[in-house]
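Spelled out from the first residue to the last, the chains are:
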Amino acid sequence: MEPIWYKSWPGDLPRKIDIPATTLPEIVKKYARQFPRREAINFYGKSISYGEFENMTGAFAASLSQMGVTRGDRVCLFMENCPQFIVAIFACWKLGAVAVTANPMFKEDELAHQLNDSGAETIVLLDQLYPVLRKIRDKTSLRNVIITGYKDFLPSSPKLPLHPSLTVPRQYFPDTVELTGLLNNPSPLPQVVIDNDYDLALLQYTSGITGVPKGAMITHANMLFNTVCSALWLRGKRGIHLAVLPLFHVTGLVHSMNMPMYTGGTIILLARYDTEAVVKAIEKFRCTHWISIATMNIAVVNYPDTKKYDLTSLRACVSGGAPIPVEVLKKFKQMTGASLVEGYGLSEAISQVAVNPLDKPRPGSVGIPVLNTDIKITSIADPSREVLLGEMGELWVKGPQVTRGYWRRPEETELFIKDGWLCTGDMARMDQDGYLYIVGRKKELIKASGFSVFPPEVENFLYEHPAVAEVAVVGIPDPYRGESVKAYVVLKREYENKMSESDIINWARQKMAAYKYPRVIEFRPELPKNGSGKILRRLLQEQ
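Rules and cut-offs
Residues numbered from 1 in each chain as written. Predicted model: local features only at pLDDT ≥ 70, side-chain atom pairs only at ≥ 80, totals over all residues. Heavy atoms only, no water. Helix = DSSP H or I, 4+ residues; strand = E, 2+ residues; numbered from the N terminus. Rg over C-alpha atoms; globule rule 2.2 N^0.38 Å. Buried < 20%, exposed > 50% of the residue type's maximum accessible area, 1.4 Å probe, protein only. Contact = heavy atoms within 4.5 Å. Areas by Shrake-Rupley, 256 points an atom, 1.4 Å probe, with all protein chains shown as cover. Lys, Arg positive; Asp, Glu negative; His and termini not counted. Charge placed at Lys NZ, Arg CZ, Asp CG, Glu CD. Phe/Tyr/Trp six-rings, centres within 6.5 Å; stacked < 30°, edge-to-face > 60°. Pairing = 2+ DSSP bridges. Core = buried A, V, L, I, M, F, W, Y, C linked by side-chain atoms within 4.5 Å. Axes fitted to C-alpha atoms, helices over the stretch in contact; angles between N-to-C directions.

Asker: Lay out the overall build of the protein chain in plain terms, naming residues and giving numbers.
Answerer: Secondary structure summary: the protein chain contains 14 helices and 26 strands in total. Rg of the C-alpha trace for the protein chain: 23 Å, near the compact-globule value of 24 Å for 543 residues, within the 12% margin. In terms of its C-alpha atoms, the protein chain occupies a principal-axis envelope of roughly 70 × 60 × 50 Å. The burial tally for the protein chain puts 60% of its 543 residues in the buried class. In the protein chain, 68% of the contacts between residues at least 6 apart in sequence involve partners at least 24 apart. With the model as given, the accessible surface of the protein chain reaches about 21800 Å², and the carbon-plus-sulfur share is 50%. The positive charge centre, built from 63 side chains, and the negative charge centre, built from 57, are 4 Å apart in the protein chain.

Asker: Give me unusual backbone geometry: which residues, what numbers.
Answerer: Despite not being glycine, Arg235 shows a phi value in the positive range, around 50°. With relative accessibility at 31%, the residue Arg235 sits in the partly exposed group. Of note in this structure, Asp419 is not a glycine but carries a positive phi near 55°. Take Asp419: it is sitting in the loop between β19 (417-418) and β20 (421-430). A relative accessible area of 71% places Asp419 in the exposed class.

Asker: Account for helix α12 (residues 455-462), naming residues and giving values.
Answerer: Of all 8 residues that make up α12, 6 are buried, and the element is covered over most of its length. Among all positions in α12, only Pro455, Glu457, Val458, Glu459, Phe461 and Leu462 are buried.

Asker: Outline the packing of aromatic side chains, supporting the account with residue identities and numerical values.
Answerer: Scanning the model with the defined rule gives 12 aromatic pairs in all. With a centroid separation of 5.3 Å and an interplanar angle of 55°, the aromatic rings of Phe90 and Trp93 are classed as tilted. Of this pair, Phe90 and Trp93 both sit in helix α3 (residues 83-95), 3 residues apart, which is roughly one turn of that helix. In this pair, the class of Phe90 matches that of Trp93, namely buried. Summarising the aromatic geometry, the rings of Trp290 and Phe332 are spaced 6.3 Å apart at their centres and angled 35° between planes, so their arrangement reads as tilted. Of this pair, Trp290 sits in strand β12 (residues 289-293) while Phe332 sits in helix α10 (residues 326-336); the two residues are 42 residues apart in sequence, bridging distant segments of the chain.

Asker: Can you lay out the sheet that holds strand β4 (residues 98-101) for me, pointing to particular residues and giving the numbers?
Answerer: What the 7 strands build is an open sheet, ordered β7-β6-β5-β3-β4-β8-β9; its pairing is mixed. If you trace the sheet from one side to the other, it starts and ends with β7 (177-178) and β9 (214-219), each paired once. With 4 bridges connecting them, strand β3 (residues 74-78) and strand β5 (residues 122-126) associate as parallel partners. Among the inter-strand pairings, Val75 is bridged to a residue of β5, identified as Thr122.

Asker: Any details on the nonpolar core? Residues and values, ideally.
Answerer: Ranked by size, the top nonpolar core spans 180 residues in total, and within it Phe60 and Trp290 carry the most contacts. Looking at this core, the element that brings in the most residues is α3, giving 10 residues. Residues Val98, Val100, Leu203 and Tyr205 belong to the second largest nonpolar core, which totals 7 residues.

Asker: So what about the environment of Val192? Which residues, and what values?
Answerer: Relative to the helices and strands, Val192 resides in the loop between β7 and β8 (200-206). Judged by its relative accessible area of 27%, Val192 falls in the partly exposed class. The spatial distance from the C-alpha of Val192 to the C-alpha of Gly96 is 6.8 Å, given a sequence separation of 96 residues. If we ignore the near neighbours within four places in the chain, the residues touching Val192 are Arg71, Lys94, Leu95 and Gly96.

Asker: Please provide a residue-by-residue account of the sheet that holds strand β10 (residues 240-243), values included.
Answerer: Whether parallel or antiparallel, the strands of a sheet pair through hydrogen bonds between backbone atoms. The 9 strands are arranged β2-β1-β11-β10-β12-β13-β14-β15-β16 in an open sheet whose pairing can be described as mixed. Bordering the open sheet on either side are β2 (46-49) and β16 (368-369), each of which pairs with just one other strand. The pairing of strand β1 (residues 39-43) with strand β11 (residues 266-269) spans 3 bridges and is classified as parallel. When the bridges of β11 are listed, Asn42 appears paired with Ile268. Relative to β2, helix α2 (residues 50-66) is tilted by about 80°, and along the sheet it contacts β1 and β2. On the sheet, helix α9 (residues 294-302) packs against β12, β13 (316-320) and β14 (340-346) and is oriented at approximately 110° with respect to β12.

Written out as structure tokens, the structure is:
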């Protein structure tokens, strides 16, 4: 029997495709030969052609090889959006090395965990982030530390407003290697044969379902499938793509970086989100595609000067991270002429699982399953049984994009991936036309500005504070971020009336990434518990 969502299928799209028997760098290499002068990346007015990009990635790959990086080695990329990120990750893939993308908002302990868990011996990072690495460098296995800076690729006269972080003086450090010196290496690359179905392209770290950050193993085949799927679903061929989502995250990586390169398009790259820069970029470069999150869409429609700009070049706009208010969807359509549609994905599936059809989006829904993808919604009480249509249950996903498992965690792989089915931990329902609705998170995962935050990880950090006796973390609605982190704290007796809520927040800000630390603290004399002493987060959430 046909899946129910086929009745809502976009009429011009195939339902299944074969994954190309190649890699993304090989595809881009062909483009560099066919049209070397075509613009691949534009960074605030600094233009990089496909020919120039191919030369840089080849040279950097040769340099990495001479530094001892070989097939299967993990290379950490610790950067905000910049051309160097794209050059570095493509160079890794040319060598068969595995990219480990680290969130540039990480503090020392978070970065150390990812470096040591992955076993990375090489890191490429921005100069501004080196102070974070310096504090924990001797606690890692790093052999190669390669430094770059925004100013290495910024034009002398930027065509868009610069975020303040892009204007700080360039910094240099001892015992590091400058990336720019590695981009003119004429040495030939070693011959590398990549097995698309087996060789890893990425270790994508996610707290996922358990709250312990772990690397989802993403193969070249996983990644290329969803790249091709994105190109077909979003009609991406030869588009001009605004890339402002972080490239270290799967959504930005697949839709704002990989897909434009796969289709021979152009990436209009912004280092960080800034509403003025976004609307100016869309108008100036006539952007056709923009993949975003709800907070960005809300900021654009509420920006008082948006009406001064012509945003009608936009053709395909997809958003995720949190539900988008219907009023925002209407205003966005009025401003751009393009429908803003919602989608759903996760790190373990290298981004999209379901997306709304561009020609018939359904507000409130994350869309229908994409090409080659199957889903089922199972009973919480009995996971072997699927719920009836319209009922809520846990979403399971199966398809070519699903990770083969978690890095060096066979027990967790076996627990959450069963016969190729990924247990997402997300609660969902499906309507009579096959549209999917995400209604909650099975394990209380918090989505703050599109980032995943798991309560136990935040709680573990808060327990390091000497004043904290007990703590429970929940997500609370936030009209801008989707959700914010709130912590209920029981103080140790000796700290009562001596510690303020702002004291805890300021301390946490120094320990955790900006999206992760609690924005709200509430002191309680005690926390609700069950008979076995387990804290009942659910009761706090309901209050």
